[in-house]
Every structure is written in structure tokens, then in C-alpha cells.
Amino acid sequence: MKTCVILDDYQDAAMHMADWSPLADRVKIVPLHHHIADEQALVAALADAEIVVVMRERTPFPARLFARLPALRLLVTSGMRNAAIDLAAATAHGVTVCGTGSGAEAPVELTWALILGLARHLATENAALRQGGPWQSTIGTDLYGRRLGLLGLGRIGTRVGMIGRAFGMKIAAWSPNLTPERTDAAGVALAASKEELLETSDFVSIHLVLGGTTRGLLGAPELARMPAHACLINTARAAIVDQPALIAALEGNRIAGAGLDVFDCEPLPADHPFRRLPNVLATPHLGYVTDGNYRTYFTEAVEDIAAWLAGTPVRVLA
């Protein structure tokens, strides 16, 4: 019988979100509910696993890890893209990598939770209410008539813009390869430049894929262009924004706030500034964490494993 280890099953959800019985007589399933950051401990946990299921980018799989896992033959990731997996190394070590479907609705909804939370100071007011603090201490920001700047106009960015229009916001977008045809089709304005988008937006929301042209796209000079009352929302990838520059901008109140769901180190260290800054509304990478997505991830993971066992792998990434 083969062994399948499910990594980073934080909520103990994997076995409840799918029917694993089709694999019962062929695969032993071992879910792990805690994150293993130490590579030596990870190698020990996976030493006998021929199949590993990973959740997005919670645990990286670089070339050196594949080299230390000779038993591994199938790696299943949630979603059809995982930048934390070295696909070339997987191929070189004879490991098949398969993905699953993933809905865009969940990160869109979390993006708006962060925007609304920042605009109406929900964390501050809720904490005061629970702790016997002042009854009303902040003044909220109207969304109607404000400008929402979208960095990226793909599946998620387009949906975020649609909701912004429902609030009566003015929507503009920019990305390195964005065309007037795409912005016209989405019903948003094409910003003249990245700089113009930053300078004129009350809220800036990032919806780009991390790559060579987007890594470090927003550094100290770009953040300095944002108005002091503006907020930055990032539910895409942390590395798109220079993290020390963002911390400095928030500590100096050079921007009003940030709504963050992605970080350069996850789980976020206990002493990290994002855990204490009062103008940060942060969630622990929950963008894709919904019952609908989890059911898709684990149901299709079962399908991926069954297909691989039958010699006809599906949704192959490498």
C-alpha cells in the first residue's frame, strides 16, 4: 500500500471535504495539521511518502527537497499554479506534479472584506466594543465616488472592479501588458501609467501574478506616490511589494493603511511588525480558504491520485 501525506492541513479539513474511499484499499492517507518549517523534519515526515498533497504555497518544494525524497513519485497541489514548486526539478527526479481547480470568487470576496474593514475601521471599533473602550472613536471613509486602482485585471481583478462599480466607485486599472481593449471590456479606465494609478487612487488593490516583471513592482518610490489617505490591499503575492518599504511607509503613516493576506514568510513570525501596526488589517493567507474551494481541492486531489495510480495522470503541471 502506498503512503500519501497531506501537508499543512491547518483546519483538519482534508478528510472531511472529500470522499477518499476510492483510494482506501490502495493508499494510506496521513494528514499533518501543523506546518513543518525545518527541512530536516520535513524530509523525515515525508521519507516514506510516494504521494504528497500540498496546499498552494504553504510548503515550498525546491530542487534540493526533491533530491532528498527518493520515494516521492506524485505531488498534488491545490490550484493549477504553484510558484513554490520547482517543476523542472520534479521532472528531473521522476515526480509527476498535478493540480486542481480553484475558484476566483473567494479571493475577490476577501479583497472586499479587507477594503471594507479598512474603510470603516472595523478591527479598531470591534476591539473597543469588546474591551469596553470608547463608543465610536473613528470616522469611516465613504467608498462612493472614491477611486479604486487595480494593479492587474485578470479573473480576480475584473471581479473586484465589478463590485467596486456597485459601490459607486471610479475604477481604473494598470498592468505591464494591459490594453485598452481589455479595460473597455471590463468597464474600467486604463490608467496612463503605474505612477498615475498610484497618485490618483484612494484604494490600490493588487491582482498580479508574481514573476520577473512584477517582483518588487512597488518599492519605496512607488509607495511615496500614494496619497497619505490611501490604502494598499494585497491578496496576490507579498513579493510584488517591497516589504521593508511597506513597513516603513506604514510606520511613518505615509499611507493610511494596508489590508494584507500574503506575507514573505508564512506563518508570519510572532514579532513581525504586521502583527502590531495599528494601520494594518491582516489575515493569515485566507484568500482561497473557503468550503467551496476546499471541496474542489481535495475532491480533485483524490481524482488526481486515482488517475495516477491507473497510469493516466490528469491535470499534469510537469
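Parameters at a glance
- Residues numbered from 1 in each chain as written.
- Predicted model: local features only at pLDDT ≥ 70, side-chain atom pairs only at ≥ 80, totals over all residues.
- Heavy atoms only, no water.
- Salt bridge = Lys/Arg side-chain N within 4 Å of Asp/Glu carboxyl O.
- Helix = DSSP H or I, 4+ residues; strand = E, 2+ residues; numbered from the N terminus.
- Buried < 20%, exposed > 50% of the residue type's maximum accessible area, 1.4 Å probe, protein only.
- Phe/Tyr/Trp six-rings, centres within 6.5 Å; stacked < 30°, edge-to-face > 60°.
- Lys NZ or Arg CZ within 6 Å of the ring centre and 35° of its normal.
- Domains from an automatic or database assignment.
- Buried area = accessible area lost by both parts, 1.4 Å probe.
- Pairing = 2+ DSSP bridges.
- UniProt positions renumbered as here; feature names shortened; annotations may be inferred.
- Axes fitted to C-alpha atoms, helices over the stretch in contact; angles between N-to-C directions.
- Core = buried A, V, L, I, M, F, W, Y, C linked by side-chain atoms within 4.5 Å.
- Contact = heavy atoms within 4.5 Å.

## A closer look at the pattern of salt bridges
Summed over all chains, the structure comprises 12 salt bridges. R225 is the salt-bridge partner of E199, the closest N and O atoms lying 2.3 Å from each other. Here E199, found in helix α8 (residues 194-200), pairs with R225, found in helix α9 (residues 220-225); they are 26 residues apart in sequence, far enough to count as distant. Using a relative accessible area of 38% as the deciding quantity, one classes R225 as partly exposed. Each of E300, E303, D304 and R315 takes part in salt bridges that share partners, so that together they form one network.

## A word on the packing of aromatic side chains
Each aromatic ring pair is specified by the distance between its two centres and by the angle formed by the two planes. Scanning the entire structure with this criterion turns up six aromatic pairs. One aromatic cluster in this structure is built from Y288, Y294, Y297 and F298. A cation over a ring is seen here: R56 above Y288, with NZ or CZ 5.2 Å from the ring centre.

## As for the domain arrangement of the protein
The domain boundaries assigned to the protein delineate domain 1 (2-103 + 290-310) and domain 2 (104-282). For domain 1 and domain 2, the distance between their C-alpha centres works out to 31 Å. Here domain 1 packs against domain 2, burying approximately 600 Å² in sum over the two surfaces, 49% of which is carbon and sulfur. Of all residues in domain 1, the largest losses of buried area upon contact with domain 2 belong to E57, R81 and G103, amounting jointly to 50% of the total for that side. Run the count over domain 1 and domain 2 and you get one salt bridge.

## Description of the sheet that holds strand β11 (residues 257-260)
Reading across from one edge, β8-β7-β6-β9-β10-β11-β12 is the order of the seven strands in this open sheet, with parallel pairing throughout. Strands at the two margins of the open sheet, each flanked by one partner only, are β8 (189-190) and β12 (280-282). Relative to strand β7 (residues 170-174), strand β6 (residues 147-151) is paired through five bridges, and the arrangement is parallel. Following the sheet pairing, L150 is matched in β7 by A173.

## Description of the UniProt feature "domain: D-isomer specific 2-hydroxyacid dehydrogenase NAD-binding" (unreviewed entry) in the protein
According to UniProt, the feature "domain: D-isomer specific 2-hydroxyacid dehydrogenase NAD-binding" (unreviewed entry) maps to residues 113-287 in the numbering used here. Along residues 113-287, the helical share is 33% and the strand share 15%, with 10 Å between the first and last C-alpha atoms.

## Thoughts on the sheet that holds strand β4 (residues 74-77)
Taken together, the five strands give an open sheet; going across it, the order is β2-β1-β3-β4-β5, and neighbouring strands pair in parallel fashion. Edge positions in the sheet fall to β2 (27-31) and β5 (96-98), since each of these pairs with one other strand and no more. With strand direction ignored, the average angle separating the axes of adjacent strands in the sheet is 15 degrees. Sheet analysis places strand β1 (residues 2-6) next to β2, joined by five bridges and oriented parallel. In the strand pairing of β2, C4 is matched with I29.

## Section: the nonpolar core
With 31 residues, the main nonpolar core has L151, I206, M226, L232, L246, L250 and F274 as its most contacted residues. Only β7, α8, β9 (203-206), α10 (243-251) and β11 provide two or more residues apiece to this core. Not counting the four nearest positions on each side in its chain, L151 is found in contact with W174, K194, L197, V204, S205, I206, H207, L208 and L218. Ranked by size, the runner-up nonpolar core spans 24 residues in total, among them V76, C98, V289 and I305.

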